[in-house]
Amino acid sequence: MCGIVGVVGNTNATDILIQGLEKLEYRGYDSAGIFVTGGEQAHLVKAVGRIAELSAKVGDKTEGTTGIGHTRWATHGKPTENNAHPHTSQTAGHILVHNGVIENYAEIKEEYLAGHDLKGQTDTEIAVHLIGQFAEEGLSTLEAFKKALKIIQGSYA
C-alpha cells in the first residue's frame, strides 16, 4: 500500500520526510522517494527497497523547507528507481506523487504525450506529464490540474 508524507515549513524537510516514510513502512511497499525544495535548490532522490536504502542515498546537501515523500506498491511497472515516486513533468516544473490507479493512462499517453521523454512505466508519470503539458500550453498549474482531472479516469489521492 502506498503512503504520502508532505512538509511545508521553515526548517529542513528532509529528515521529517524520511521519518514520516519510516512510520509508513508497516504498510508494505517496494520503492520510495522524496523531493525537497527551498529557494533555488531542488533535490529528487529515489530508491528501491526499504526506507534505509533511500536514507542512505540522501546526502547532507539534500535540503529544502518544502517537500513530499512517497512509498510505492507497484501497480504499473516494476519496482525500479525510474518507477518510484515522485515523478516530474517533461520540463521538471511539476512534481507529483499519487496513490491509486489511472485506468486510461495508455490512452492519455497516446493522445496527449507523443514525443515526451518518459523515464518509467507508471500511470503517475503520465498524469504529471499531462499536467505539465497543459501548463506549457499556457494554463496555470491549477487550471492544468483541473483540466487533467477531467481527462483522467480511475482512483487517485
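These numbers were taken from a predicted model, which means no experiment stands behind them.

A. Inspection of the side chain of His94 at higher detail. You can see His94 is positioned in the loop between strand S5 (87-88) and strand S6 (95-96). According to the relative accessible area criterion, His94 is buried, its value standing at 16%.

B. View of the nonpolar core. Grouped together as the largest cluster of nonpolar side chains are 16 residues, with contacts concentrated most on Leu17, Ile18, Leu21, Ile34, Ile51 and Leu54. Taken together, the elements giving at least two residues each to this core come down to strand S1 (3-8), helix H1 (14-23), strand S2 (31-38), strand S3 (41-48) and helix H2 (51-57). Beyond its immediate sequence surroundings of up to four residues, Ile51 is in contact with Ile18, Leu21, Glu22, Glu25, Tyr29, Ala32 and Thr71. Among the nonpolar cores identified, the runner-up in size contains 15 residues, and Leu96, Ile108, Leu130 and Ala144 belong to it.

C. Structural context of the pattern of salt bridges. By the definition in use, this model includes four salt bridges. Here Glu25 and Arg50 are joined by a salt bridge, their closest N and O atoms 3.4 Å apart. You can see Glu25 sitting in the loop between H1 and S2 and its partner Arg50 sitting in the loop between S3 and H2, a full 25 residues away along the chain. Judged by relative accessible area, which is 53%, Arg50 ranks as exposed. For Glu81, the salt bridge is made with Lys57, and the minimal N-O distance between the two is 2.8 Å. Here Lys57 lies in helix H2 and Glu81 lies in the loop between strand S4 (66-72) and S5, a separation of 24 residues in the sequence. A residue is classified by how much of its surface remains accessible, and Glu81, at 39% relative accessible area, is partly exposed. With relative accessibility at 40%, the residue Lys57 sits in the partly exposed group.

D. Structural context of the pairing of S2. By the criterion of burial, S2 is predominantly enclosed, with six of the eight residues buried. The pairing of S2 with S3 spans eight bridges and is classified as antiparallel. Paired with Gly38 across the two strands is Gln41, which belongs to S3. Hairpin connection between S2 and S3: a loop of two residues separates the two successive antiparallel strands, and Gly39 in this loop has a positive phi of roughly 65°. Alignment of S2 against S4, held across seven bridges, turns out to be antiparallel.

Reading the values: rules and limits
- Residues numbered from 1 in each chain as written.
- Predicted model: local features only at pLDDT ≥ 70, side-chain atom pairs only at ≥ 80, totals over all residues.
- Heavy atoms only, no water.
- Helix = DSSP H or I, 4+ residues; strand = E, 2+ residues; numbered from the N terminus.
- Buried < 20%, exposed > 50% of the residue type's maximum accessible area, 1.4 Å probe, protein only.
- Core = buried A, V, L, I, M, F, W, Y, C linked by side-chain atoms within 4.5 Å.
- Contact = heavy atoms within 4.5 Å.
- Salt bridge = Lys/Arg side-chain N within 4 Å of Asp/Glu carboxyl O.
- Pairing = 2+ DSSP bridges.

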